[in-house]
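One letter stands for each residue in the lines below.
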Amino acid sequence: MAEKMISNNKQVILKNYVNGPPKESDMSLKTSTINLKIPDGCNDAVLVKNLYLSCDPYMLGRMKKIEGHYTDAFAIGSPMVGYGVSRVLESSHPNYKKGDLIWGFTGWEEYTLVTDPSTSFKIHDKDVPLSYYTGLLGLLSQKGETVFISAASGAVGQLVGQFAKLMGCYVVGSAGSKDKVDLLKNKFGFDDAFNYKEERNYNAALKRYFPYGIDIYFENVGGKMLEAVLNNMRVHGRIAVCGMISQYNLEHPEGVHNLSALISKRIRMEGFLVLDYYHLYPKFLEMVMPHIKKGKITYVEDMADGLESAPAALVGLFSGRNVGKQVVVVAKE
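Rules used in this analysis
- Residues numbered from 1 in each chain as written.
- Predicted model: local features only at pLDDT ≥ 70, side-chain atom pairs only at ≥ 80, totals over all residues.
- Heavy atoms only, no water.
- Axes fitted to C-alpha atoms, helices over the stretch in contact; angles between N-to-C directions.
- Helix = DSSP H or I, 4+ residues; strand = E, 2+ residues; numbered from the N terminus.
- Parallel < 35°, antiparallel > 145°, perpendicular 65-115°, else oblique.
- Left-handed = near helix turned anticlockwise from the far one by under 90°.
- Contact = heavy atoms within 4.5 Å.
- Core = buried A, V, L, I, M, F, W, Y, C linked by side-chain atoms within 4.5 Å.
- Buried < 20%, exposed > 50% of the residue type's maximum accessible area, 1.4 Å probe, protein only.
- Expected span 1.5 Å × (residues − 1).
- Bend = angle between axes of the 7 residues up to and from the residue.
- Polar contact = N/O pair within 3.5 Å; in protein donor to acceptor, adjacent residues only side chain to side chain.
- Phe/Tyr/Trp six-rings, centres within 6.5 Å; stacked < 30°, edge-to-face > 60°.
- Disulfide = S-S within 2.5 Å.
- Domains from an automatic or database assignment.
- Buried area = accessible area lost by both parts, 1.4 Å probe.
- Nonpolar A, V, L, I, M, F, W, Y, C, P; charged D, E, K, R; others polar.

A. Representation of the packing of helix α4 (residues 202-209) against helix α5 (residues 223-232) within the structure. Remark: α4 packs on α5, axes separated minimally by 9 Å, with the N-to-C direction vectors making an angle of 45 degrees. One finds that α4 runs oblique with respect to α5. Read as a crossing pair, α4 and α5 show a hand that is right-handed. Contacts between α4 and α5 pair Y202, N203, L206 and K207 from the former with K224, M225, A228, V229, N231 and N232 from the latter.

B. Focus on the nonpolar core. Ranked by size, the top nonpolar core spans 49 residues in total, and within it M80 and L137 carry the most contacts. Excluding residues that lie within four positions of it along the chain, M80 makes contacts with V12, L14, M27, M59, M63, F74, T106, G107, W108 and L314. In this structure, F148, Y209, M225 and I267 belong to the second largest nonpolar core, which totals 20 residues.

C. Expanded view of helix α7 (residues 281-293). Here α7 spans 18 Å end to end across 13 residues, near enough to the 18 Å set by a 1.5 Å rise per residue. The largest bend in α7 amounts to roughly 25 degrees and is located at M287, with the proline P290 lying one to four residues further along. Turning to α7, its buried residues are Y281, V288, M289 and I292. On the buried face of α7, the contacting elements are β5 (101-107), β7 (121-122) and α2 (157-166).

D. Main features of the side chain of N220. Within the secondary structure layout, N220 lies in the loop between β11 (214-219) and α5. Among the polar contacts listed, one links the side chain of N220 to the backbone oxygen of S150, at a separation of 2.8 Å. Those residues in contact with N220, other than ones at most four positions away along the chain, are I149, S150, A151, G157, C242, G243, M244 and I245.

E. Main features of the packing of aromatic side chains. Taken as a whole and assessed by the stated rule, the structure comprises 15 aromatic pairs. Judged by centre distance (4.9 Å) and plane angle (80 degrees), the rings of Y132 and Y299 are edge-to-face. Each of the two residues, Y132 as well as Y299, counts as buried. Through pairs of rings, three or more aromatic residues link up here, namely Y83, W103, F105, F121, Y278 and Y281.

F. Expanded view of the state of the cysteines. Overall, the coordinates contain zero disulfides when judged by the stated rule. A disulfide-free cysteine, C242 has its sulfur positioned 16 Å from the sulfur of C55, the nearest such atom. Exposure remark for C242: the relative accessible area of 31% places this residue in the partly exposed category.

G. Structural context of the domain arrangement of the protein. On domain assignment, one finds that the protein holds domain 1 (6-135 + 300-329) and domain 2 (146-275). Placing a centre on the C-alpha atoms of domain 1 and another on those of domain 2 gives a separation of 29 Å. Taking both sides of the interface into account, the surface hidden between domain 1 and domain 2 amounts to around 1200 Å²; carbon and sulfur atoms contribute 66%. Summed over the shared surface of domain 1 and domain 2, the result is five residue pairs in polar contact (both at pLDDT 80 or more). Taken together, the residues of the side of domain 1 that touches domain 2 break down into 11 nonpolar, four polar and two charged.

Structure representation (structure tokens):
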């Protein structure tokens, strides 16, 4: 029989399913207990201490009861789940041992028993901040092409723009404040950027920045911005659909009225989930690590300190409160 080592375990619990925008009151902080030893018969598991948690817009979908959603809803009264960086305390899995650092799905809590670590990855390179594995390390384009990125100062947009610049593209991003626009141009090296809140006509704004049209659009917003982009896409353009954050809190999402442009301009528009590309992760590391170490990639994180700050950090994503990748620091490395 496995010995027991009982410890307190602070957790962020989902109190109720969300209708409309998420609120901090939809979540609560609870302290339970956990056995810091893997139970008998629990094979191929890892017990971890969580260090960093990732706040991501897709989590709102799991805080609601949505028919046909691509992931299951969180369970009421149970810890929320997301990507995180953790240290292995004990393992019954042959691929992991005590002291290993891993990233993957984990609980929004201090300690988690991960019973299926098949989607976890061992962290080998520790010459970069571990928090980078919640975003940066966790869109193919061609030289000379024009690239537009909405919500470009966020966790994903800031990287897409820099990768496109490394490949020789002309890159423009939109963001929601002057400070974020300055960040895109002066820190991330975008060719140009604009504050969408100051634009009365998105269509006119895009014609101003892309007089000859857009080759690639990295979609994070949806709604009226997507409609304007379709008007400005070039023939054989490509749209990578990562998110539609402007629509997540609407009871009746906005329709897009010019989808016929996909036909007339022979545009390829495709959604994607990171889960489909886990098998390419080693190749991605080979590509991106040298750029990070040479200082060719700049990465901005917005750190919230302590598990108790997690609800406010997650809610803040939907009002644009964060600058860069939103990370919750659960414990020091």
